[in-house]
Amino acid sequence: MFRIDRRLIQNFDWLTFATVLALALIGVMTIFSATRQPGDDFQSPLFMKQLVWLVIGIIAMIICVSFDYIWLGRIALPLYLLGILLLGLVLVLGKVGMGAQRWISLGPLAFQPSEFFKLIFVIMIAQYLSMIAGEMDILQLLRTFFVWVALPFVLLFKQPDLGTALVVAIIFSTMMLARGLRQKAVLLIFVVSLVSLPFIGNIVWTGLKDYQKNRLVAFVDPEADPSGIGYHINQSKITIGSGEVLGKGYLQGTQGPFRFLPERHTDFIFAVFAEEWGFLGSAVLLSLYFLLIMRGLDTARKAKDSFGRMLAFGITFMFSIYFFVNIGMTLGIMPVVGIPLPFMSYGGTALLSNFISIGVLMNVRTRRFTLFY
Amino acid sequence: MQTEKNGTDKVIIAGLLITLGFLVLLIRLWQLQILQGSEYRRVSESNRLRVFGVPAPRGIIFDRNGIPLVKNISYFCASLIPEEFDTQNLPALARVLKMPEEELSRRLNRKGQSPFTPVRMKEGLSFSDVSYIEARKSEFPGLMIEIEVSRQYIYGTVGAHVIGYLGKLNPTQAKDPAFRDVPPEAYIGQWGVEKIFDKSLRGTAGQRIIEVDALGREIRLLKENPPIKGQDLTLSIDIALQREVEKAFDGKTGALVALKPDNGEVLGLISAPSFDPNKFAKGISSEEWTSLMKDKKLPMLDRAVQSQYPPGSTFKIITAIAGLESGLIDEATTSTCRGGISFGKWHFGCWRKGGHNTVSLHRALVESCDVYFYETGRKLGIDRIYDYATRFGLGKETGIVLGSEKKGLIPNVAWKAETKKAPWFLGETFVNSIGQGYISATPLQMAVMMSAVSNGGTVYRPTLVKDEDPVVLRHAEVKPQTLEAIKLHLSGVVNEPGGTGGAARSALMTVGGKTGTAQVVSLRKESKYLTEKHRDHAWFVATAPVEKPQIALAVLVEHGGHGGSAAAPIAKRAIEAYMQPVEKKKEVPVVQD
């Protein structure tokens, strides 16, 4: 199964690879600019770390392309159980960071199981859905939800990793819709969610930590307290807006390095890029993501089997959600939920898991012709 | 295949939704970067750029011999940018600045302040305060240390009424376009020559544009416009004279004005008691201000310019000149004094109850015989006295640049008819002939009069700046020999036996002068039995050296008693201090703190 076929290389998804490589390199460049220390000889080593993780990520990606993705379906259940176990472990002995415990330390390494769980979740759901024939009815929908989604959702919510919990829920919904539901089931989902929205909203609100509540308030009215909770959003808009058409030029941005923009190299990396490259640069960058997503959908369309299609849908939706929520947040049209921008935000675990995910996606495309086997 | 087609459907729907979302992002990006881009660019600039004013060093004020009277000092202040400050930190900041929390929040919340402009929280920080604050600055975003420039008045209270002091812009000035360039917390001249010549002393403030990060740390200096130093100012006053006179007053209340007879330069202007302008230079506390204002001795009042007193017997100089010039008396004219003169039902006493026997003009001035001048006044009539008094600048402002000058009063018939609606009585002429009654003058006016007597009759506007073109107010138009004769008589007052001004006699030169005792109450009692409040004001006007006058002056000691004993010694010390060689004046130890 690890035999490298010449045709495999011929069918390798060079476009996707080039796109994510470009995004990751732009990310490293932007991290360097964002973490500059003006007036200080000491320069932050974060961009080097990111570069190391990028190399590791590419290797992991190649490994993920090299075997037939059918195997993933076979190990989906053990993977899923391992993922649940790790999420449980985080709750028990997790490292607290930013008011939430998301990390597990393994010696000198600390990693976030939730980063990998998303992919495991996609694989599991894809595998499960591909085993069900025909359109699903309400009963099947509910069963799927309670068997595979409810537990991880609660575990993530408890960490609390609100962002990933919502992403998991949305991935599930979109995958269900892409899989095909009976019209009645679709209708019922909409009616139930509409009716229950205020109740769920209330439960969620009371369950939220203060900083999470603040973010929502700030989203609704960022000008209410410009130096307080609306600060992130305001500074992000200033950072992006001040780039104007052509940008201030690479390494000429001021909002990030001078720390007016919080989370400048992680969640708000796009703002730093937009400040230095302006509208033109930002439009090009967004187009790269658009290309990546469209290519993913195309992969789903061309997948040779149901599992492959669901896998491609799930991964593409995952990236789409991250992309839209993150960019929407920095542009001030979505609430601030701490979600990184795939391939660009600083963070080793996330970069690695993104490359693994893209490897799986490319795998589906590479093996789209049944006739190889 | 069923699933194949199904998948394609879903891909198309998903693709459309994603394209729609992508377009929304692009439109929003367009809105932020292109439609509102320039506004956000401006905000990001003001985020990182801080403009600091660099105060210009003020021009130094020198005395006439080039001795510096002031020093520029800089000191540290703590300021806060309200926008960047988290009010939760107020109690902690109060501890660091060692100030009550209420005071801090009062300063922070003053009306009309921009939240982006630094607000002065504390001034005059010590070095240890500054290092303490610097070490904790990162805990207080928006807190910064600024340097403010102010004055040290080297001689403290000496010359305070002339030099004046600095203060912050008051609310009226803050709105005045003339002060537009003055930074809100800067000090400007608010009194004395510091105020009068503020524009040239002030100089032009510079600017430092600094890049800062969100924690308020300075990253680098982007641009610097250096300040332009203010112009130095050389005053006409002689600090050695000022110091000596202030010592001579020794707790007494009064004033002295000394002029250079040949151009009207003010050599000394003292009002006692004085005040310490250093208290104003770093922002006077309201307690200190209240205590200055409530002080019964009115230290802030410039008695030399703003107070008028009956000139008493010093006015006899004018009566004498009027008599000689009008030809109604001459040197040989005598009067016989029996301790007073009766006119109708009134009796006008001479200060010496025993009388002066028969006196000529010379002895009448030397011994200050009142009867002689009653008779001269009677011959002259009030309107002639008025004429000669005004020729020497009395009854009118001298026009000195110091503010709120009083103009004194020289009465005449018309004046009385107009203001009192009553005819002039001859008895009033008697009283006014010896400088009592309605007559009044400021010490400055008496000095101007004395200066004109000394220089042959030119009345100059007193000026505080050295080597300015002298301004002639008028010419007295009297015969030079009249004034020469008067000077000889005045020399007699000081140097002859029996002269009332013996206390002004100097071993170094011939001093001429005239004593005066201005009645505070008409009741004639031995002054030593009177409480100070009712004791007479003591005057002495002088010129020296008589042969070629270089200084003319007037001294007034409030409730000092006799001019000869209270005022003449001060005049002597002033003259001797001024006439000493310049090198000696420069040896005067500079007061350091």
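A brief structural summary. (Residues numbered from 1 in each chain as written. Chains lettered and ligands numbered in written order. Predicted model: local features only at pLDDT ≥ 70, side-chain atom pairs only at ≥ 80, totals over all residues. Heavy atoms only, no water.)

## So, the overall build of chain A
Stated precisely, the cut-off is as follows: Numbering of helices and strands runs from the N terminus; a helix is a DSSP stretch of H or I covering at least four residues, while a strand is a stretch of E covering at least two. Classification of residues uses two cut-offs on accessible area relative to the type maximum, computed with a 1.4 Å probe and protein chains only: under 20% is buried, over 50% is exposed, and between them is partly exposed. Contacts are assigned to residue pairs that have any heavy atoms within 4.5 Å of one another. Every accessible area reported is derived by Shrake-Rupley at a probe size of 1.4 Å, with residue values counting cover from the shown protein chains alone.
Looking only at helices and strands, one finds 14 helices and 3 strands in chain A. For chain A, buried positions account for 55% of its 373 residues. Long-range contacts, defined as pairs at least 24 residues apart, comprise 75% of the intrachain contacts of chain A with a sequence gap of at least 6. For chain A, the exposed area adds up to about 15800 Å²; of that, 71% sits on carbon and sulfur atoms.

## A look at the interface of chain A and chain B
Basically, it comes down to this: Put simply, buried area is how much 1.4 Å-probe accessible surface two parts lose in total, over both of them, once they are put together. A pair is scored as a salt bridge if a Lys or Arg side-chain nitrogen falls within 4 Å of a carboxyl oxygen belonging to Asp or Glu. Two N or O atoms count as a polar contact when they lie within 3.5 Å, although within protein this holds only if one can serve as hydrogen donor and the other as acceptor, and sequence-adjacent residues are included solely when both atoms are side-chain atoms. Residue polarity follows a fixed list, in which Ala, Val, Leu, Ile, Met, Phe, Trp, Tyr, Cys and Pro are nonpolar, Asp, Glu, Lys and Arg are charged, and the others, Gly among them, are polar.
Counting from both sides, the interface comprises 49 residues of chain A and, opposite them, 37 residues of chain B. Each partner contributes to the roughly 3700 Å² buried at the junction of chain A and chain B, and carbon and sulfur atoms together form 71% of this total. Linking chain A to chain B there are 1 salt bridge. Linking chain A with chain B are 8 residue pairs in polar contact (both at pLDDT 80 or more). The element that contributes the greatest number of residues to the side of chain A that touches chain B is helix α12 (residues 269–302) of chain A, accounting for 14 residues. Considered class by class, the residues forming the side of chain A that touches chain B number 26 nonpolar, 16 polar and 7 charged.

## Some details on the nonpolar core
For soluble globular proteins, nonpolar side chains are generally found buried alongside one another. Using the following cut-off: Nine residue types can take part in a nonpolar core, namely buried Ala, Val, Leu, Ile, Met, Phe, Trp, Tyr and Cys, and a core is a set of them joined through side-chain atoms within 4.5 Å.
One finds A:Phe270, A:Leu311, A:Phe355 and A:Ile358 to be the most contacted residues of the largest nonpolar core, which totals 113 residues. Apart from the residues lying within four places of it in its own chain, the contact partners of A:Leu311 are A:Tyr69, A:Leu72, A:Val122, A:Ile123, A:Ala126, A:Val360 and A:Val364. Ranked by size, the runner-up nonpolar core spans 97 residues in total, among them B:Val70, B:Val257, B:Leu292 and B:Ile400.

## Focus: the environment of A:Gly256
Residue and element names in this part refer to chain A. One can find Gly256 in the loop between α11 (231–241) and α12. In this structure, the C-alpha to C-alpha distance between Gly256 and Gln37, residues 219 residues apart in sequence, is 9.8 Å. Gly256 has contacts with Ala34, Leu261, Arg264, Val272 and Glu275, leaving out every residue within four places of it along the chain.

## Quick look at the state of the cysteines
The criterion, for reference: Here, two cysteine sulfur atoms that lie within 2.5 Å of each other are counted as a disulfide.
All chains considered together, the criterion is met by 0 disulfides over all chains. There is no disulfide at B:Cys337, and the cysteine sulfur nearest it, in B:Cys369, is 3.8 Å away.

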